Amino acid sequence: MNPIIVVVGARPNFMKMAPLYEDLKKRKLPVLFLHTGQHYDENMSTVFFEELEMPEPDIYLGVGSGSHAQQTAKIMIDFEKVCLKEKPSMVIVAGDVNSTIACALVASKLWIPVAHVEAGLRSFDMQMPEEINRILTDQISDLLLTPSIDANENLAKEGISDERVKLVGNIMIDTLLNNAEKANKSEIHNKLSIEKGNYALLTLHRPSNVDQKNILSGILNAMKYICNDIAVVFPAHPRTKNKLKEFGLYERAIEIPNFVITDPKGYLDFLALMKESKIVLTDSGGLQEETTALGIPCLTLRKNTERPITVEQGTNKVIGNKENHIKNEYKKIINKKIKERKIPDLWDGNTAKRIGDIIESQIS
Ligand code: UD1
């Protein structure tokens, strides 16, 4: 049987593909694990392979950073060569990063079936590069594996036939549950000298938050305000750190008392930071889901979310990125009882198995 190629590229892909790779291997299906190299730093990539017990990739494209066009094009050129050589029976992509659309596009034009994990999410904000990646990947994928029912509804509205769509649940929760105990052994709180249960956790990397000086500066002011109350731990994405330096804001940031800026953390340390935090402030997609699963209040610093179920059923609130708004929403939420939350259906740790069953039945 020709191999199934499992594609990863950027940080959020790793936790989505680790359990699926393991499941396919257990079924003794021939799998080639391919890393495009979109993310390449030790703490943006390698550490996840080690901690999530993924093997070294069979194929590493090493494309690195660049503009959207450069990065997407480089991945496409290299991935086409791989597909022509390996003639995969299927290509599996995940999420909404540039590696996702690049590999899906190459495979579909070679008539290779494409499966998309985390299909159907929509922010309805075409200024997000991820929204473009999501819509296009779904249109050209043969098998659309959705994390929640809202995703099925979005796909139906776009005219995608039911037959291509399977509701399988949220695969990130498989990884979260698989690693929760290991994360309890993390020493990260001691290392950062922070008190468990008494700090906020911040992540920030969206262009809409970090690419304009006045917006990033306003967010920093809001963090300074929160730091008068509790520590804010900020594992800074390289893109954000570069922008802080470029705008001359870095010195100001490191001088804020109680503002703990650190390098990006690996999966286990980060999970430990999330589990023990009082509140999470973020513009990440994955964190909105993980905080809902963990029952930690989450303020999302964006205008919209492609994960509305985390607001409807979970602990998430979407609050935008204006300084005063962040301060007010923080004040409102911090001493309130945590909102009752429901864990969405099929966020149960068994998503990889459900996907494995479908893929096995489709290719054999
Ligand atoms: C990408 C994804 C985004 C995802 C995020 C998670 C796209 C369009 N965006 O955004 O959806 O939420 O990953 O992190 O695919 N850099 C490094 N080292 C690395 C990787 C990046 O220094 O290992 C720096 C480089 O300066 C690079 C910049 O970060 O230019 C941006 O990286 P890129 O992969 O283009 O986008 P992200 O912002 O990470």
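Treat the numbers as computed from the prediction; the structure is a model and nothing was measured.

On to the overall build of the protein chain. Scanning the protein chain from terminus to terminus reveals 17 helices and 13 strands. Here the protein chain has a C-alpha radius of gyration of 20 Å; the compact-globule value for 364 residues is 21 Å, and the two agree. Taken along the three principal axes of its C-alpha coordinates, the protein chain extends 60 × 40 × 40 Å. Counting the 364 residues in the protein chain, one finds 59% classified as buried.

For the rest of this paragraph, the subject is a nonpolar patch on the surface. A cluster of nonpolar side chains, Met 126, Ile 132 and Leu 136, forms an exposed patch at the surface whose accessible area comes to about 270 Å². Examined against the element boundaries, Leu 136 turns out to sit in helix 5 (residues 129-140).

A word on the sheet that holds strand 2 (residues 31-35). Taken in spatial order, the seven strands make up an open sheet running 3-2-1-4-5-6-7, and their pairing is parallel. If you trace the sheet from one side to the other, it starts and ends with strand 3 (59-60) and strand 7 (165-167), each paired once. Here two bridges tie strand 2 to strand 3, and the two strands are oriented parallel to one another. Bridging across to strand 3, Leu 34 finds its partner in Ile 59. With respect to the sheet, helix 1 (residues 11-26) is in contact with strand 1 (4-8), strand 2, strand 4 (90-94) and strand 5 (114-117), its orientation differing from that of strand 4 by roughly 145 degrees.

Close contacts around the ligand come from 20 residues, with Gln 38, His 39, Asn 98, Glu 130 and His 205 the closest. In this structure, His 237 approaches the ligand through a side-chain N or O atom, which is 2.9 Å from an oxygen atom. A distance of 3.4 Å separates an oxygen atom of the ligand from a polar atom in the side chain of Arg 239. In the complex, 87% of the free accessible area of the ligand, which totals 740 Å², lies under the protein chains. Counting only elements with at least two residues in the shell around the ligand, the list comes to helix 1, helix 3 (68-86) and helix 11 (238-246). Considering every element that reaches the shell around the ligand, the biggest residue donor is helix 11, with three residues. For the shell around the ligand, the per-class residue count stands at five nonpolar, nine polar and six charged.

Here we come to helix 11. Think of an α-helix as turning once every 3.6 residues; residues three or four places apart then point the same way. Among the residues of helix 11, Thr 240, Lys 243 and Leu 244 are the ones counted as buried. Burial along helix 11 is one-sided: seen end-on, the buried residues are contained in an arc of 100 degrees. Residues of helix 11 that are exposed and point more than 90 degrees away from the buried face comprise Asn 242 and Glu 246. On its buried side, helix 11 packs onto helix 9 (207-210), helix 10 (213-227), strand 9 (231-235) and helix 12 (250-254). Positive phi appears at Gly 248, one or two residues downstream of helix 11, with a value of about 70 degrees.

Definitions and cut-offs
Residues numbered from 1 in each chain as written. Predicted model: local features only at pLDDT ≥ 70, side-chain atom pairs only at ≥ 80, totals over all residues. Heavy atoms only, no water. Helix = DSSP H or I, 4+ residues; strand = E, 2+ residues; numbered from the N terminus. Rg over C-alpha atoms; globule rule 2.2 N^0.38 Å. Buried < 20%, exposed > 50% of the residue type's maximum accessible area, 1.4 Å probe, protein only. Patch = residues over 30% accessible without salt bridge, like charges linked within 9 Å, V, L, I, M, F, W, Y side chains within 5 Å. Areas by Shrake-Rupley, 256 points an atom, 1.4 Å probe, with all protein chains shown as cover. Salt bridge = Lys/Arg side-chain N within 4 Å of Asp/Glu carboxyl O. Pairing = 2+ DSSP bridges. Contact = heavy atoms within 4.5 Å. Axes fitted to C-alpha atoms, helices over the stretch in contact; angles between N-to-C directions. Near = heavy atom within 4 Å. Polar contact = N/O pair within 3.5 Å; in protein donor to acceptor, adjacent residues only side chain to side chain. Nonpolar A, V, L, I, M, F, W, Y, C, P; charged D, E, K, R; others polar. Arc of directions from axis to C-beta.

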